[in-house]
Amino acid sequence: VAINTPPTKTSYFTGEEFDPTGLTLTVTYNNGTTAVVSEGYTLNTVNTSFAGTKTVRVTYAGFTVTTRITVVELKITEIVVVTPPEKTEYYVGETDLDTTGLKVIAKYNNGDEEELTEDDYELDGFDTSTVGTVEITVYYEDLEATFNITVKALELTGIEVKTLPKK
């Protein structure tokens, strides 16, 4: 028994289930003839819970042959501010950052994405002491993303007498 074609997929992310699709064997009989077999074999359980090179044991008619697959750690490679907060304009001296509407996603090395909640990340850089554009940084694990807010000067829009003098 020999591997004729390895499985179509030979690289996995941690936790992903092994798929033998495409695996075929060449079997040789005692009369010298050979045949290609694509079913009827058994496989060992392949542990993909941690990264590394894994051995897949394929058994057919009491004979065993092996092939290898690679398991790569599934991890977040980037965070992205998909939608900034609804409020991005502040006046000098405001003290609270309003994050309503802020949407941050984590991108994984397998192409998947996951929305992060406000409990998942930290924000830094909110400073309304001077007029201008302020960059706010979103931190998640060892990754960061940014969005901007604008700080405007307070402008006098009018005056009014609240209490008339007594005299």
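The structure this text deals with has already been given above.
From a predicted model like this one, the values you see are computed outputs, not experimental measurements. (Residues numbered from 1 in each chain as written. Predicted model: local features only at pLDDT ≥ 70, side-chain atom pairs only at ≥ 80, totals over all residues. Heavy atoms only, no water.)

A.B. asks: Sorry, what's going on with the sheet that holds strand β13 (residues 132-140) here?
C.D. replies: Backbone-to-backbone hydrogen bonds pair the strands of a sheet. The strands run either parallel or antiparallel. The mixed open sheet is built from four strands, whose spatial order is β9-β14-β13-β12. The open sheet has two edge strands with one neighbour each: β9 (89-91) and β12 (122-124). Pairwise comparison of adjacent strand axes, ignoring direction, gives a mean angle of 35 degrees for this sheet. Both β13 and strand β14 (residues 143-152) contribute to a ladder of nine bridges, which runs antiparallel. Bridging from a neighbouring strand, G132 pairs with V151 of β14. (Pairing = 2+ DSSP bridges. Helix = DSSP H or I, 4+ residues; strand = E, 2+ residues; numbered from the N terminus. Axes fitted to C-alpha atoms, helices over the stretch in contact; angles between N-to-C directions.)

A.B. asks: How should the environment of A106 be read in this particular structure?
C.D. replies: Note that A106 resides in strand β10 (residues 103-108). Between the C-alpha atoms of A106 and E78, which are 28 residues apart in sequence, the distance is 5.9 Å. Once you skip the residues sitting within four places of it in the chain, A106 turns out to touch I76, E78, I79, D112, E113, E114 and L116. (Contact = heavy atoms within 4.5 Å.)

A.B. asks: Just to check I follow, could you spell out the packing of aromatic side chains for this structure?
C.D. replies: Aromatic rings in a pair are described by how distant their centres are and how their planes are angled relative to each other. Counted under the stated rule, the structure contains two aromatic pairs. Their ring planes at 50 degrees and their centres at 5.8 Å tell us that Y12 and F18 sit as a pair that is tilted. Given a relative accessible area of 12%, F18 falls into the buried group. With 5.2 Å between their ring centres and 75 degrees between their planes, Y90 and F126 make a pair best called edge-to-face. A residue pair is termed long-range when its members are at least 10 positions apart, and Y90 in strand β9 and F126 in the loop between β12 and β13 qualify at 36 residues. Residue classification places Y90 among the buried residues on the basis of a relative accessible area of 0%. Classification of F126 as partly exposed rests on a relative accessible area of 24%. Positioned above the aromatic ring of F50 is the side chain of K54, whose terminal nitrogen or guanidinium carbon lies 3.3 Å from the ring centre. (Phe/Tyr/Trp six-rings, centres within 6.5 Å; stacked < 30°, edge-to-face > 60°. Buried < 20%, exposed > 50% of the residue type's maximum accessible area, 1.4 Å probe, protein only. Lys NZ or Arg CZ within 6 Å of the ring centre and 35° of its normal.)

A.B. asks: Looking at this structure, how should I read the side chain of T128?
C.D. replies: Structurally, T128 is set in the loop between β12 and β13. Judged by its relative accessible area of 5%, T128 is buried. Here the side chain of T128 touches E94 through a polar contact of 2.5 Å, landing on its backbone oxygen. Residues contacting T128, with those up to four places away along its chain left out, are Y90, Y91, V92, G93, E94 and V151. (Polar contact = N/O pair within 3.5 Å; in protein donor to acceptor, adjacent residues only side chain to side chain.)

A.B. asks: How should I be thinking about the pattern of salt bridges in this particular structure?
C.D. replies: One side chain can pair with another of opposite charge once the charged atoms of both are near each other. As enumerated under the stated definition, the model contains four salt bridges in all. For E89, the salt bridge goes to K152, with nearest N and O atoms at 3.1 Å. With E89 in strand β9 and K152 in strand β14, this pair connects stretches of sequence that are 63 residues apart. Its relative accessible area of 31% is what places K152 among the partly exposed residues. (Salt bridge = Lys/Arg side-chain N within 4 Å of Asp/Glu carboxyl O.)

A.B. asks: Would you mind going over a negative patch on the surface with me for this structure?
C.D. replies: On the surface, E114, E118, D119 and D120 cluster together to form a negatively charged patch. Within the element layout of this structure, E114 appears in strand β11 (residues 113-116). (Patch = residues over 30% accessible without salt bridge, like charges linked within 9 Å, V, L, I, M, F, W, Y side chains within 5 Å. Areas by Shrake-Rupley, 256 points an atom, 1.4 Å probe, with all protein chains shown as cover. Lys, Arg positive; Asp, Glu negative; His and termini not counted. Charge placed at Lys NZ, Arg CZ, Asp CG, Glu CD.)

None of the figures reported here should be taken as evidence of function without further support.
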